[in-house]
Amino acid sequence: QVQLVESGGDWAQPGGSLRLSCAASGFTFSAYAMAWARRAPGKGLEWVSGIYSDSSDTYYADSVKGRFTISRDNAKKTVYLQMNSLKIEDTALYYCVKHPSGTPVRGEYDSWGQGTQVTISS
């Protein structure tokens, strides 16, 4: 049974940094692409970043490009999202997402976690 548990969400000031983690279980982690998505207050779901099963490539939404970095440790069955230069508009509930193949096709997923809250304010 697929389980994705996010952690690391916290309050931070604009310009600060946070690192989110997602612990995966119940499937062959190294065979699947993973991603992060977020839902900000009053807004729809936004796909933030994706990573291939073998970390061969990554993609980012324009809103976070250059500030966020996605990575994974297949041995630890964990995916990370390093968030730097945080902005108030980054405030959202962040979800860890599993894709149904080794390629992170945006919008196509089959599992997600409960989310971890990130709040950016001064």
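Just so it is clear, the structure is predicted and the values come from calculations on it, not from any experiment.

Glancing now at the pairing of strand E3 (residues 18–25). With five bridges joining them, strand E1 (residues 3–7) and E3 adopt antiparallel strand pairing. Bridge assignment links Glu6 to a residue of E3, and that residue is Cys22. Pairing between E3 and strand E8 (residues 78–83): six bridges, direction antiparallel. Along E8, the bridge assignment pairs Leu18 with Met83.

Our focus in this paragraph is the state of the cysteines. Per the counting criterion, the structure on display carries one disulfide. Note on cysteine connectivity: Cys22 is disulfide-linked to Cys96, with sulfurs 2.1 Å apart. Taking the sign of the S-S torsion, -80° for the link of Cys22 and Cys96, the bridge is left-handed. Residue Cys22 is found in strand E3, and its partner Cys96 is found in strand E9 (residues 92–98); the two are separated by 74 residues along the sequence. The burial state of Cys22 is the same as that of Cys96; both residues are buried.

With that settled, the discussion passes to the pairing of strand E4 (residues 34–39). Each regular strand carries side chains that alternate between the two faces of the sheet. The element E4 is largely enclosed, with a buried count of five among its six residues. The sheet contact formed by E4 and strand E5 (residues 45–51) spans six bridges and is antiparallel. Paired with Trp36 across the two strands is Ser49, which belongs to E5. Counting the residues in the hairpin turn of E4 and E5 gives five residues, including Gly42, whose phi is positive at 75°. Summarising the sheet, E4 and E9 pair through six bridges and their orientation is antiparallel. Considered in E9, the bridge of Arg38 is made with Tyr94.

The subject of this paragraph is the pattern of salt bridges. A side chain of one charge can pair with a side chain of the opposite charge when the charged atoms of the two come close. All chains considered together, the criterion is met by five salt bridges. Between Asp90 and Arg38 there is a salt bridge, with its nearest N and O atoms 3.0 Å apart. In this pair, Asp90 is assigned in the loop between E8 and E9 and Arg38 in strand E4, connecting sequence segments 52 residues apart. For the pair Asp90 and Arg38, a shared accessibility class is recorded, and that class is buried.

Moving on, we get to the side chain of Thr116. Counting through the fold element by element, Thr116 comes out in strand E11 (residues 116–120). With sequence-adjacent residues up to four places away left out, Thr116 is seen in contact with Glu6, Ser7, Gly8, Gly9, Leu20, Ala92, Leu93 and Tyr94.

What counts, and at which threshold
- Residues numbered from 1 in each chain as written.
- Predicted model: local features only at pLDDT ≥ 70, side-chain atom pairs only at ≥ 80, totals over all residues.
- Heavy atoms only, no water.
- Pairing = 2+ DSSP bridges.
- Helix = DSSP H or I, 4+ residues; strand = E, 2+ residues; numbered from the N terminus.
- Disulfide = S-S within 2.5 Å.
- Buried < 20%, exposed > 50% of the residue type's maximum accessible area, 1.4 Å probe, protein only.
- Salt bridge = Lys/Arg side-chain N within 4 Å of Asp/Glu carboxyl O.
- Contact = heavy atoms within 4.5 Å.

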